[in-house]
Amino acid sequence: MLFSLVRSLIGLFTKGGYRKYDRIATVSAVMMMRIQFIIGLLLYVAYSPFTNRFTFTMSDPYQRFWSVEHLALMILAIGAAEIAGSKSKKSNNSLVKFKFQAIFFGISLLLILIGIPWSRLG
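Everything in this summary refers to the structure shown in the same document. (Residues numbered from 1 in each chain as written. Predicted model: local features only at pLDDT ≥ 70, side-chain atom pairs only at ≥ 80, totals over all residues. Heavy atoms only, no water.)

Quick look at the side chain of Ser-108 now. Positionally, Ser-108 belongs in helix H5 (residues 94-114). Look at Ser-108 and you get buried, because its relative accessible area is 0%. At 2.8 Å, the side chain of Ser-108 and the backbone oxygen of Ala-77 are in polar contact. Beyond its immediate chain neighbours, meaning those up to four positions away, Ser-108 contacts Met-1, Met-33, Ala-77, Ala-80 and Ala-81. (Helix = DSSP H or I, 4+ residues; strand = E, 2+ residues; numbered from the N terminus. Buried < 20%, exposed > 50% of the residue type's maximum accessible area, 1.4 Å probe, protein only. Polar contact = N/O pair within 3.5 Å; in protein donor to acceptor, adjacent residues only side chain to side chain. Contact = heavy atoms within 4.5 Å.)

Next up on the list: the environment of Leu-71. Residue placement: Leu-71 occurs in helix H4 (residues 61-90). Discounting residues that sit within four places of it in the chain, Leu-71 has contacts with Tyr-44 and Trp-66.

It is worth spelling out a nonpolar patch on the surface at this point. Taken together, Phe-37, Ile-38, Leu-41, Leu-42, Val-45 and Ile-75 make up a surface patch of nonpolar side chains, about 540 Å² in accessible area. In terms of residues, the nonpolar patch owes the most to one element, helix H2 (residues 20-47), which gives 5 residues. The topology assignment puts Val-45 in helix H2. Overall, Val-45 belongs to the exposed group, its relative accessible area being 55%. (Patch = residues over 30% accessible without salt bridge, like charges linked within 9 Å, V, L, I, M, F, W, Y side chains within 5 Å. Areas by Shrake-Rupley, 256 points an atom, 1.4 Å probe, with all protein chains shown as cover. Salt bridge = Lys/Arg side-chain N within 4 Å of Asp/Glu carboxyl O.)

Here's what the structure looks like:
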(Lines give C-alpha, C1' and ligand atoms only; values in the text may rest on other atoms or scores of the structure.)
Protein backbone atom coordinates (compact mmCIF):
# COMPACT_ATOMS: atom_id res chain seq x y z
CA MET A 1 0.00 0.00 0.00
CA LEU A 2 2.78 2.38 0.94
CA PHE A 3 4.66 1.55 -2.26
CA SER A 4 1.58 2.27 -4.39
CA LEU A 5 0.98 5.52 -2.52
CA VAL A 6 4.56 6.66 -3.10
CA ARG A 7 4.39 5.68 -6.81
CA SER A 8 1.15 7.66 -7.14
CA LEU A 9 2.61 10.73 -5.49
CA ILE A 10 5.73 10.57 -7.66
CA GLY A 11 3.59 10.22 -10.78
CA LEU A 12 1.33 13.06 -9.69
CA PHE A 13 4.12 15.53 -8.92
CA THR A 14 6.32 14.65 -11.89
CA LYS A 15 3.30 14.50 -14.21
CA GLY A 16 4.65 11.23 -15.55
CA GLY A 17 2.82 8.67 -17.60
CA TYR A 18 0.88 5.82 -16.07
CA ARG A 19 2.83 2.69 -16.93
CA LYS A 20 2.17 -1.02 -16.70
CA TYR A 21 4.37 -1.09 -13.60
CA ASP A 22 2.03 1.40 -11.89
CA ARG A 23 -1.00 -0.72 -12.75
CA ILE A 24 0.69 -3.83 -11.34
CA ALA A 25 1.48 -1.97 -8.10
CA THR A 26 -2.14 -0.79 -7.80
CA VAL A 27 -3.66 -4.20 -8.49
CA SER A 28 -1.21 -5.81 -6.06
CA ALA A 29 -2.06 -3.37 -3.28
CA VAL A 30 -5.80 -3.87 -3.69
CA MET A 31 -5.43 -7.64 -3.94
CA MET A 32 -3.31 -7.78 -0.79
CA MET A 33 -5.98 -5.78 1.03
CA ARG A 34 -8.62 -8.29 -0.10
CA ILE A 35 -6.52 -11.24 1.06
CA GLN A 36 -5.82 -9.59 4.38
CA PHE A 37 -9.53 -8.90 4.82
CA ILE A 38 -10.43 -12.54 4.21
CA ILE A 39 -7.76 -13.77 6.64
CA GLY A 40 -8.83 -11.21 9.25
CA LEU A 41 -12.48 -12.13 8.86
CA LEU A 42 -11.70 -15.83 9.24
CA LEU A 43 -9.64 -15.14 12.36
CA TYR A 44 -12.37 -12.92 13.76
CA VAL A 45 -15.11 -15.50 13.22
CA ALA A 46 -13.13 -18.61 14.16
CA TYR A 47 -10.78 -17.49 16.93
CA SER A 48 -11.99 -14.22 18.36
CA PRO A 49 -13.04 -14.37 22.02
CA PHE A 50 -15.61 -11.68 21.23
CA THR A 51 -17.54 -13.87 18.82
CA ASN A 52 -17.24 -16.95 21.02
CA ARG A 53 -18.94 -15.47 24.06
CA PHE A 54 -22.36 -14.05 24.42
CA THR A 55 -21.50 -11.17 26.72
CA PHE A 56 -20.34 -7.94 25.20
CA THR A 57 -20.04 -4.56 26.75
CA MET A 58 -19.28 -1.27 25.08
CA SER A 59 -17.96 0.10 28.39
CA ASP A 60 -14.85 -2.10 28.15
CA PRO A 61 -12.41 -0.23 25.87
CA TYR A 62 -10.54 -3.41 24.93
CA GLN A 63 -13.67 -5.23 23.78
CA ARG A 64 -15.01 -2.15 22.03
CA PHE A 65 -11.76 -1.60 20.14
CA TRP A 66 -11.56 -5.13 18.73
CA SER A 67 -15.28 -5.70 18.22
CA VAL A 68 -16.26 -2.36 16.73
CA GLU A 69 -13.50 0.17 16.08
CA HIS A 70 -10.82 -2.04 14.52
CA LEU A 71 -13.34 -3.88 12.37
CA ALA A 72 -15.01 -0.68 11.13
CA LEU A 73 -11.71 1.07 10.37
CA MET A 74 -10.36 -1.90 8.40
CA ILE A 75 -13.56 -2.22 6.36
CA LEU A 76 -13.39 1.52 5.54
CA ALA A 77 -9.70 1.13 4.62
CA ILE A 78 -10.53 -1.69 2.22
CA GLY A 79 -13.30 0.43 0.72
CA ALA A 80 -10.90 3.32 0.13
CA ALA A 81 -8.36 0.98 -1.51
CA GLU A 82 -11.08 -0.48 -3.74
CA ILE A 83 -12.11 3.04 -4.81
CA ALA A 84 -8.47 3.84 -5.65
CA GLY A 85 -8.18 0.76 -7.83
CA SER A 86 -11.56 1.20 -9.49
CA LYS A 87 -11.26 4.91 -10.28
CA SER A 88 -7.74 4.56 -11.65
CA LYS A 89 -8.82 1.66 -13.83
CA LYS A 90 -11.67 3.61 -15.43
CA SER A 91 -9.80 6.81 -16.21
CA ASN A 92 -7.73 7.37 -19.33
CA ASN A 93 -5.81 10.36 -17.99
CA SER A 94 -2.56 9.51 -16.11
CA LEU A 95 -2.81 12.49 -13.76
CA VAL A 96 -6.37 11.59 -12.79
CA LYS A 97 -5.27 8.02 -12.09
CA PHE A 98 -2.38 9.16 -9.92
CA LYS A 99 -4.60 11.71 -8.15
CA PHE A 100 -7.29 9.19 -7.21
CA GLN A 101 -4.72 6.64 -6.12
CA ALA A 102 -2.82 9.16 -4.00
CA ILE A 103 -5.99 10.36 -2.28
CA PHE A 104 -7.66 7.01 -1.64
CA PHE A 105 -4.52 4.98 -0.90
CA GLY A 106 -3.57 7.77 1.51
CA ILE A 107 -6.96 7.55 3.23
CA SER A 108 -6.70 3.77 3.34
CA LEU A 109 -3.22 3.84 4.85
CA LEU A 110 -4.29 6.43 7.42
CA LEU A 111 -7.28 4.31 8.47
CA ILE A 112 -5.05 1.25 8.79
CA LEU A 113 -2.59 3.15 10.98
CA ILE A 114 -5.43 4.45 13.16
CA GLY A 115 -6.81 0.93 13.52
CA ILE A 116 -3.56 -0.58 14.81
CA PRO A 117 -3.48 -0.98 18.61
CA TRP A 118 -0.19 0.89 19.09
CA SER A 119 -0.35 0.88 22.89
CA ARG A 120 -0.55 -2.93 22.95
CA LEU A 121 2.46 -3.45 20.63
CA GLY A 122 5.14 -2.19 22.99
